[in-house]
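Letter by letter, the chains look like this.
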Amino acid sequence: MDIDVLTLFPRIFEGPLEESILKRAQESGRVQVRVHNLRDYTHDKHRVVDDRPYGGGPGMLMKPEPIFEAVEKLQRNDSCVVLMTPQGAPFTQARAQAFAKKPHVIIICGHYEGVDERVRQALVHEEVSIGDYVLTNGALAAAVVVDAVVRLLPGVLGHEDGAADDSFATGLLEGPQYTRPPEFRGMRVPEVLLSGDHGAVARWRAEQAESRTKQRRPDLLK
Ligand code: SAM
């Protein structure tokens, strides 16, 4: 999979892309993530990317020209162009799974008061929000999307089913998990997990996932 990110703050991606699973996924060639500075798509001396909104009002807007130029340079026949915006569709595990099937995703990160509306009109296939709050710019939100998508690509996690039991993947939250030691500060691991009875373990996990979801996220059961 190829991912191109358009942002005014490429350095925000350095940490997330250079650690752990995202780093290894790039090194193994399972994903290629390229981060582009939108200022590189300006042609004036001061590399201006913003301007005042028509009609007045506070703040600045991102100009359309650098974004159009960047997308038109990078776009292929199979590209999906995504705009990060708090007004977009909620970013869910289902949407992450859908993105993970796409060969090429271009992610546009806004800043200031957002982007000129013509970007949405002419370039964007999907608008995505990571939650009902407003960030200063789209780079952190795009890093969240890249992380959630890349871990779903085949071979990126340790084994093929690595993400299959995760919360939301099954429609439920994952149940509680334990590792060694079997007793820690008076808290014992449930006996069933030590029993070696795989059927009993699977039933216990399914019950725990169901009851945890009912308790914490009843909306997922509707
Ligand atoms: N004025 C815009 C509005 O009210 O919809 C908010 C602009 S926000 C300060 C600047 C940029 O941050 C947005 O263009 C978007 O790219 C990004 N952003 C902020 N919150 C976000 C969220 N919850 N999800 C995705 N992107 C977000």
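Quantities reported herein were computed from a predicted structural model and do not represent experimental measurements. (Residues numbered from 1 in each chain as written. Predicted model: local features only at pLDDT ≥ 70, side-chain atom pairs only at ≥ 80, totals over all residues. Heavy atoms only, no water.)

What follows concerns the overall build of the chain. Per the secondary structure count, the chain includes 8 helices and 9 strands. At 21 Å, the chain has a C-alpha radius of gyration far larger than the 17 Å of a compact globule built from 222 residues. Taken over the C-alpha atoms alone, the chain extends approximately 70 × 40 × 35 Å along its principal axes. Looking at the chain residue by residue over its 222 residues, the buried ones come to 39%. Restricting the contact set of the chain to residue pairs at least 6 apart, pairs at least 24 apart contribute 75%. Counting only carbon and sulfur atoms, one obtains 50% of the accessible surface of the chain, whose full area is about 13,400 Å². Of the side chains in the chain, 28 bear a positive and 32 a negative charge, and the two mean positions are spaced by 3 Å. (Helix = DSSP H or I, 4+ residues; strand = E, 2+ residues; numbered from the N terminus. Rg over C-alpha atoms; globule rule 2.2 N^0.38 Å. Buried < 20%, exposed > 50% of the residue type's maximum accessible area, 1.4 Å probe, protein only. Contact = heavy atoms within 4.5 Å. Areas by Shrake-Rupley, 256 points an atom, 1.4 Å probe, with all protein chains shown as cover. Lys, Arg positive; Asp, Glu negative; His and termini not counted. Charge placed at Lys NZ, Arg CZ, Asp CG, Glu CD.)

Taken together, Y133, L135 and L140 make up a surface patch of nonpolar side chains, about 290 Å² in accessible area. For L140, the position within the fold is in helix α6 (residues 139-150). (Patch = residues over 30% accessible without salt bridge, like charges linked within 9 Å, V, L, I, M, F, W, Y side chains within 5 Å. Salt bridge = Lys/Arg side-chain N within 4 Å of Asp/Glu carboxyl O.)

Let's shift gears to the domain arrangement of the chain. A common way to report how large an interface is uses the accessible area buried once the components associate. For the chain, the domain assignment lists domain 1 (2-150) and domain 2 (165-222). Put simply, the middle of domain 1 and the middle of domain 2, counted by C-alpha atoms, are 36 Å apart. (Domains from an automatic or database assignment.)

The next point concerns the pattern of salt bridges. Going through the model one piece at a time under the given rule, you end up with 14 salt bridges. The salt bridge partner of R188 is E191, with a shortest N-O separation of 2.9 Å. Accessibility expressed as a relative area gives 43% for R188, which makes it partly exposed. Its relative accessible area of 51% is what places E191 among the exposed residues.

With that settled, the discussion passes to the sheet that holds strand β7 (residues 126-129). An order of β2-β1-β6-β5-β7 is seen for the 5 strands of this open sheet, with the pairing classed as parallel. The outermost strands of the open sheet, each flanked by one partner alone, are β2 (32-37) and β7. On average, each strand axis in the sheet is inclined to that of its neighbour by 30°, with strand direction left out of account. Alignment of strand β1 (residues 2-7) against strand β6 (residues 104-109), held across 5 bridges, turns out to be parallel. Opposite L6, over in β6, you have I108 as the bridge partner. Most of the contacts of helix α3 (residues 64-74) go to β6, to which it runs at about 170°, and overall it touches β1, β2, β5 (79-90) and β6. (Pairing = 2+ DSSP bridges. Axes fitted to C-alpha atoms, helices over the stretch in contact; angles between N-to-C directions.)

So, on to the packing of helix α4 (residues 93-100) against α6. Relative orientation and spacing of two packed helices are given, respectively, by the angle between their axes and the distance between those axes. Their axes nearest at 8 Å, the elements α4 and α6 cross at an angle of 70°. Taken together, the axes of α4 and α6 are roughly perpendicular relative to one another. Packed against α4, whose contacting residues are A96, F99 and A100, the element α6 presents V145, A148 and V149 at the interface. Of the residues assigned to the contact of α4 with α6, the class counts are 6 nonpolar, no polar and no charged. (Parallel < 35°, antiparallel > 145°, perpendicular 65-115°, else oblique. Nonpolar A, V, L, I, M, F, W, Y, C, P; charged D, E, K, R; others polar.)

Next up on the list: the site of the ligand. Taken together, 21 residues sit near the ligand, with M84, Q87, G110, E113 and Y133 positioned nearest. Between the ligand and E113 there is a distance of 2.9 Å, counted from a nitrogen atom to a backbone nitrogen or oxygen. Within the contact set of the ligand, a nitrogen atom lies 3.1 Å away from a backbone nitrogen or oxygen of I130. Considered on its own, the ligand offers 590 Å² of accessible surface; in the complex 85% of this is hidden by protein. Mapped by element, the contributors of at least two residues to the shell around the ligand are β5 and β7. The leading source of residues in the shell around the ligand is β5, at 4 residues. Taken together, the residues that form the shell around the ligand break down as 10 nonpolar, 10 polar and 1 charged. (Near = heavy atom within 4 Å. Polar contact = N/O pair within 3.5 Å; in protein donor to acceptor, adjacent residues only side chain to side chain.)

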